[in-house]
Amino acid sequence: MVKTQTITSMTEQQISEVAQHLENAELNAQDVVKITDQYPGLTFNEALDIQWAIRARKVARGTRIVGMKMGLTSYAKMAQMGVDKPCYGFLADYFSIPQGGEINSKELIHPKVEAEIAFVTNAELSGPGCNTGQVLTATDFIVPAVEVIDSRYKDFKFDLPSVIADNSSSSRFVIGGRAMSVNEVDLRTIGVVMEKNGSVVELGAGAAVLGNPAASVAMLVNMLAERGEVLPAGSFVMTGGITAAVAVEPGDAIVVRYQHLGDVNMKVV
Ligand code: OOG
Ligand code: MG
């Protein structure tokens, strides 16, 4: 465990210690206090350094990175978490659960589910200045997805730098429904109904995500550009929860119905 200290810039050694600490919390499904309790001066760049160090640890172990996710892109989510800016994270191969599959709660701390629209690109996108039009041109198809988030922080409470360092709470995701072209749907008015054990618990429409979920992909590309990174062709990107996230526990059945795009479903065991 790292010691409490007030600092404005972290050393490489400290970045790697915090990355190991947060990744162990994920791998052992053991919650920890938020990282800004130990590093009150943590900057966004340092938080991203930690996230990218966690990613490098996984890649070094042979884990593949299979996509990216945006988070806190809807007012419902920002209000729920008390944070006012979006964040991004990466998706590792073992996060992917098949349609209708089981979410193993023993591997998680306090999972919540979110209804999202995901994009798959067919051309490289780079910033700065990437816009919604460029995203639409570079989109191969959209597909409905449900993200399972699992903050490693006690009671799911954090601030923006802490959640960024924790890979934006990424933990599992399910792709379902059917793929469609962006020309076949109005991304803003796609309706979404989330059911838990047969009861409707949340509902919303695509526009909840930054006015248009394609704007979330553009924002990701521009955030990546700040670190000299691009979004390669063939990327899978989840654009962020349309509604507030819903806590789940063993025995829960989740079905999310998307207008035009079909259903995404899973069981929590
Ligand atoms: C941060 C991640 C939020 C979304 O879709 O808004 C997120 C969190 O709320 O734990 O993935
Ligand atoms: Mg999400």
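Computed from a predicted model, the values in this text were never measured in an experiment. (Residues numbered from 1 in each chain as written. Chains lettered and ligands numbered in written order. Predicted model: local features only at pLDDT ≥ 70, side-chain atom pairs only at ≥ 80, totals over all residues. Heavy atoms only, no water.)

Draft legend 1. Structural detail: the site of ligand 1. For ligand 1, the set of nearby residues contains 17 residues, the closest of which are Leu-72, Lys-77, Glu-114, Ser-169 and Gly-241. One nitrogen or oxygen atom from the side chain of Lys-69 is found 2.9 Å from an oxygen atom belonging to ligand 1. Here an oxygen atom of ligand 1 and a side-chain polar atom of Glu-147 are 3.0 Å apart. Notes on ligand 1: free accessible area 310 Å², of which the protein chains cover 100%. Counting atoms within 2 Å of the grid points, the majority share of ligand 1 lands in the largest cavity. (Near = heavy atom within 4 Å. Polar contact = N/O pair within 3.5 Å; in protein donor to acceptor, adjacent residues only side chain to side chain. Areas by Shrake-Rupley, 256 points an atom, 1.4 Å probe, with all protein chains shown as cover. 1 Å grid on protein atoms, 1.4 Å probe; cavity = no way out; pocket = protein on both sides within 12 Å on 5 of 7 lines; lining within 4 Å. Sits in = over half its atoms within 2 Å of the grid points.)

Draft legend 2. Representation of the confidence of the model for the protein chain in the model. Here the protein chain averages 96 in pLDDT, while 97% of its residues score no lower than 70. Contacts for the low-pLDDT stretch residues 1–7, under 50 throughout, to residues beyond four places or in other chains number 18 contacts. (pLDDT = per-residue confidence, 0-100. Contact = heavy atoms within 4.5 Å.)

Draft legend 3. Focus on the packing of aromatic side chains. For the structure on display, the rule yields three aromatic pairs. With a centroid separation of 6.5 Å and an interplanar angle of 50°, the aromatic rings of Phe-156 and Phe-158 are classed as tilted. Overall, Phe-156 belongs to the buried group, its relative accessible area being 6%. (Phe/Tyr/Trp six-rings, centres within 6.5 Å; stacked < 30°, edge-to-face > 60°. Buried < 20%, exposed > 50% of the residue type's maximum accessible area, 1.4 Å probe, protein only.)

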